[in-house]
Amino acid sequence: MTDALTQLREMQSADLPVHGGRTLAYVYDSGLPDIDRIGREAVAAYAGSNGLDPTAFPSLLRMETEVVGMAADLLDAPETVVGTVTSGGTESVLLAVQTARDSRPGIERPRMVLPATAHAAFHKAAHYFGVEPVLVPVGPDCRADPAAMAAAMDDRTVLVVASAPSYAHGVVDPVAAIAAAAAERGIRCHVDACIGGWVLPYAARLGRDVPAWTFAVEGVTSISVDLHKYAYAPKGTSILLHRAPELRRPQFFASAAWPGYTMLNSTMQSTKSGGPLAGAWAVMRSLGDAGYERLARDVFEAVDLIRAGIGEIPELDVVSSPDSTLIALTTDGSCDPFTVCDEMAARGWYVQPQMSYAGSPATIHLSVSAATLPHVEELLGALGEAIEAAVATGPVAVDPGVAAFIAELDPLDLSDDDFDGLLLAAGLIGADEPDSGHSDLALPQRMAEVNAMLDVATPAMREALLVAFLDRLTRPRRT
């Protein structure tokens, strides 16, 4: 009988590789096997510990305060700074929004001002906590417009957000101007540095031109930074830092209104494994400041080489000059981003497609890691081949009848029959098997046609279709 670990390895063989520098989304690879080993061993050593009660596991308390201290030093924090380790960037963002809301209990219908490029986690927070998102268009360079942000603030605004950098385009918003406008009105300003927080300080140290965004900027009241991204720690760990303890206090939750133990939580979780925190602490201790500077040097060398190589491919262009490690690419119309992504996958590279939005075209997204540097020449070669193949096949087109069908659907009333029709059109199920209870969807090897169908849908319809897809995909397997 096949043992469970062997079966796990067999199943994992179909997943994207997490090492080797060829997956340019979802994972962040240092390229250092010893660092990966240290992180895994630390996670395993603490897998059974519980971060619910810091007095029961004092080693976890020590690790958390030391990890927060390392972040505080890196991000120019004052002596008053406090911080909390969370499960990831989304939890850090949720807590930043919840804390801002609860700091102003007198506001019945709170709002937060977001650049249109702010991470979707803020929309999730808005949905969960009833904080209305006020979306402000960004400038031609994809950076937030400080004047427009300031004009959008009012008496109901509890939070203003800037990105360092924005995920979609890799650019840092003008944090100083945005934070100053927020401070003038007595409004909190959160900097979402989940993806850039552990690499941008080193970029500045290496002499790269990075706009000011840390706690050195007056008016910045909180910052989120993920450790499982460019701190190269195991997933999932992030940090939410507040400039002072009184700013964090509404984040805490306590309840003695039941006969059990008095619940006391600093995050959205109660019970939580100590493994991810231990993994982050071990990796951060092992790499140290000098190690992170070397990794930053490698990743930015890779970014510069990739950008130079893209300049030699006439069908591609960079959307906006990136400040960090993220690059968004557009095509010239002779081919489409979705087909290019498929062709890259066929050559052993995963790059992420991004849908069109508010008049901006679909793009190809690269999250570059330090481990990508030795493979840049291969990456550019594969990209050139992918473009050539995509030009040969031409841009992917959605059947006009399918596009019309999607346009007529109501995202608030999407039925199983409607969804089965689209699954059939996309080739995800056969003509003889539409079934609202079907769970074994035939995931296609190529996604260009599916992505093109999603791209012609409105954002609301796209959301409804993806929710329906996730629901169908995750229905239980019965044995």
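In short, a report on the structure. (Residues numbered from 1 in each chain as written. Predicted model: local features only at pLDDT ≥ 70, side-chain atom pairs only at ≥ 80, totals over all residues. Heavy atoms only, no water.)

A few words on the overall build of the protein chain. What the protein chain contains, in helices and strands, is 16 helices and 13 strands. Its C-alpha atoms give the protein chain a radius of gyration of 23 Å, within 12% of the compact-globule value 23 Å for 479 residues. Look at the contacts in the protein chain between residues 6 or more apart in sequence, and 73% of them connect residues 24 or more apart. Carbon and sulfur atoms make up 55% of the accessible area of the protein chain, which totals about 22,000 Å². Here the protein chain carries 33 positive and 61 negative side-chain charges, and the mean point of each set is 8 Å from the other. (Helix = DSSP H or I, 4+ residues; strand = E, 2+ residues; numbered from the N terminus. Rg over C-alpha atoms; globule rule 2.2 N^0.38 Å. Contact = heavy atoms within 4.5 Å. Areas by Shrake-Rupley, 256 points an atom, 1.4 Å probe, with all protein chains shown as cover. Lys, Arg positive; Asp, Glu negative; His and termini not counted. Charge placed at Lys NZ, Arg CZ, Asp CG, Glu CD.)

This next bit is on the sheet that holds strand β2 (residues 111-115). Ordered in space as β1-β7-β6-β5-β4-β2-β3, the seven strands form an open sheet in which the pairing is mixed. Looking at the sheet topology across the chains shown, the edges are occupied by β1 (82-86) and β3 (132-136). Here the average twist between neighbouring strands, direction ignored, is 20°. Bridge count between strand β6 (residues 222-226) and strand β7 (residues 238-242): five bridges; the pairing is antiparallel. Each residue of the ladder has a partner; that of Val225, found in β7, is Ile239. Running over the sheet, helix α4 (residues 89-102) touches β1, β2, β4 (157-163), β5 (188-192), β6 and β7 and is turned about 25° from β7. (Pairing = 2+ DSSP bridges. Axes fitted to C-alpha atoms, helices over the stretch in contact; angles between N-to-C directions.)

Evaluation of the coordinates by the stated rule reveals 24 salt bridges. Among the salt bridges present, the one from Asp342 reaches Arg446, with a minimum N-O distance of 4.0 Å. Here the residue Asp342 occupies a position in helix α11 (residues 337-346), and Arg446 occupies one in the loop between α14 (416-426) and α15 (448-456), the gap between them amounting to 104 residues. Across the salt bridge formed by Glu385 and Arg347, the nearest N and O atoms sit 3.1 Å from each other. Here Glu385 is found in helix α12 (residues 376-393), whereas its partner Arg347 is found in the loop between α11 and β12 (352-354), with 38 residues between them in sequence. Given a relative accessible area of 43%, Glu385 falls into the partly exposed group. Three or more residues joined by partner-sharing salt bridges are found here, namely Asp342, Glu343, Arg347, Glu385 and Arg446. (Salt bridge = Lys/Arg side-chain N within 4 Å of Asp/Glu carboxyl O. Buried < 20%, exposed > 50% of the residue type's maximum accessible area, 1.4 Å probe, protein only.)

Right, let's get into the packing of helix α2 (residues 33-45) against helix α10 (residues 275-310). α10 packs onto α2 with a crossing angle of 150° between their chain directions and a minimal axis gap of 7 Å. Where α2 crosses over α10, the two elements pack in a sense that is right-handed. Contact residues: α2 offers Ile35, Ile38, Gly39, Ala42 and Val43, while α10 offers Gly275, Pro276, Ala278, Gly279, Ala282, Val283, Ser286 and Leu287. Its residues assigned to classes, the contact of α2 with α10 shows nine nonpolar, four polar and no charged. (Left-handed = near helix turned anticlockwise from the far one by under 90°. Nonpolar A, V, L, I, M, F, W, Y, C, P; charged D, E, K, R; others polar.)

On to the sheet that holds strand β10 (residues 316-318), then. Either a parallel or an antiparallel arrangement is found when strands of a sheet pair, and the pairing is made through backbone hydrogen bonds. Sheet architecture is open: four strands sit in the order β10-β11-β13-β12, paired in antiparallel fashion. Looking along the sheet, the strands with just one partner apiece sit at the ends: β10 and β12. When strand polarity is set aside, the average angle formed by the axes of neighbouring strands in this sheet is 35°. Summarising the sheet, β10 and strand β11 (residues 326-331) pair through three bridges and their orientation is antiparallel. Paired with Asp317 across the two strands is Thr330, which belongs to β11. Strands β10, β11 and β13 (363-367) of the sheet are contacted by α10, whose axis makes an angle of about 10° with β11.

With that settled, consider the side chain of Arg248. Along the chain, the position of Arg248 falls in helix α9 (residues 245-248). Glu64 provides the closest opposite charge to the buried, salt-bridge-free Arg248, at an N-O distance of 6.3 Å. At 2.9 Å, the side chain of Arg248 and the backbone oxygen of Gly83 are in polar contact. Among the polar contacts listed, one links the side chain of Arg248 to the side chain of Thr84, at a separation of 3.4 Å. (Polar contact = N/O pair within 3.5 Å; in protein donor to acceptor, adjacent residues only side chain to side chain.)

A separate point is the packing of α10 against α12. At a minimum axis separation of 10 Å, α10 and α12 run at an interaxial angle of 30°. Taken together, the axis directions place α10 and α12 in an arrangement best described as roughly parallel. Along this stretch, α10 crosses α12, giving a crossing that reads as right-handed. Contact residues: Ala302, Leu305, Ile306, Gly309 and Ile310 in α10; Val376, Leu379, Leu380 and Leu383 in α12. Class assignment for the residues of the contact of α10 with α12 results in eight nonpolar, one polar and no charged. (Parallel < 35°, antiparallel > 145°, perpendicular 65-115°, else oblique.)

Let us now look at the pairing of β11. By the criterion of burial, β11 is predominantly enclosed, with six of the six residues buried. Taken together, the four bridges between β11 and β13 define a ladder with antiparallel strand orientation. Across the sheet, residue Leu329 finds its bridge partner in β13, namely Ile364.

Attention now moves to the pairing of β3. Sheet analysis places β2 next to β3, joined by five bridges and oriented parallel. Bridge assignment links Arg111 to a residue of β3, and that residue is Glu132. Taking the sense of rotation as the criterion, the β-α-β connection linking β2, helix α5 (residues 121-129) and β3 turns out right-handed. (Right-handed = clockwise from strand over helix to strand, strands pointing away.)

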